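# Observations on the three-dimensional arrangement
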Amino acid sequence: GSDTGGSVRQPAAWCGLTGLKPSYGRLSRHGLIAHGSSLDVPGVMARTAEDAGLLFSTLAHPDPTELQARDSTIVVPSRRSP
């Protein structure tokens, strides 16, 4: 979903999930309906912060249709077993 005004983070918090609003330009906005163009950011919801990071790293890729989407490498640390 898009997190213009907390539409991902707040429901996630209420349900005991992790909501992530990335920095503007980290994920492509292609396909979003513009409510506030400079504020619209696609976000992710997941059960854990690690899952949110994995989902984010999967979605973050260069998009030729989106001029603001940045091409950058995302490193998601993994949990280590005790």
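Just so it is clear, the structure is predicted and the values come from calculations on it, not from any experiment.

On to the environment of Thr 48. Along the chain, the position of Thr 48 falls in the loop between strand E2 (44-46) and helix H2 (49-59). Note: C-alpha distance between Thr 48 and Gly 19 (29 residues apart in sequence) is 9.0 Å.

Now for the confidence of the model for the chain. Here the chain shows a mean pLDDT of 76. Residues at 70 or above account for 72%. Mean pLDDT across the secondary structure elements of the chain bottoms out at helix H1 (residues 9-14), with 86, and peaks at E2, with 90.

Mapped onto the secondary structure, Gly 6 falls in the segment before H1. As for Gly 6 and Lys 21, which are separated by 15 residues in sequence, their C-alpha atoms are 8.2 Å apart.

The rules we used
- Residues numbered from 1 in each chain as written.
- Predicted model: local features only at pLDDT ≥ 70, side-chain atom pairs only at ≥ 80, totals over all residues.
- Heavy atoms only, no water.
- Helix = DSSP H or I, 4+ residues; strand = E, 2+ residues; numbered from the N terminus.
- pLDDT = per-residue confidence, 0-100.

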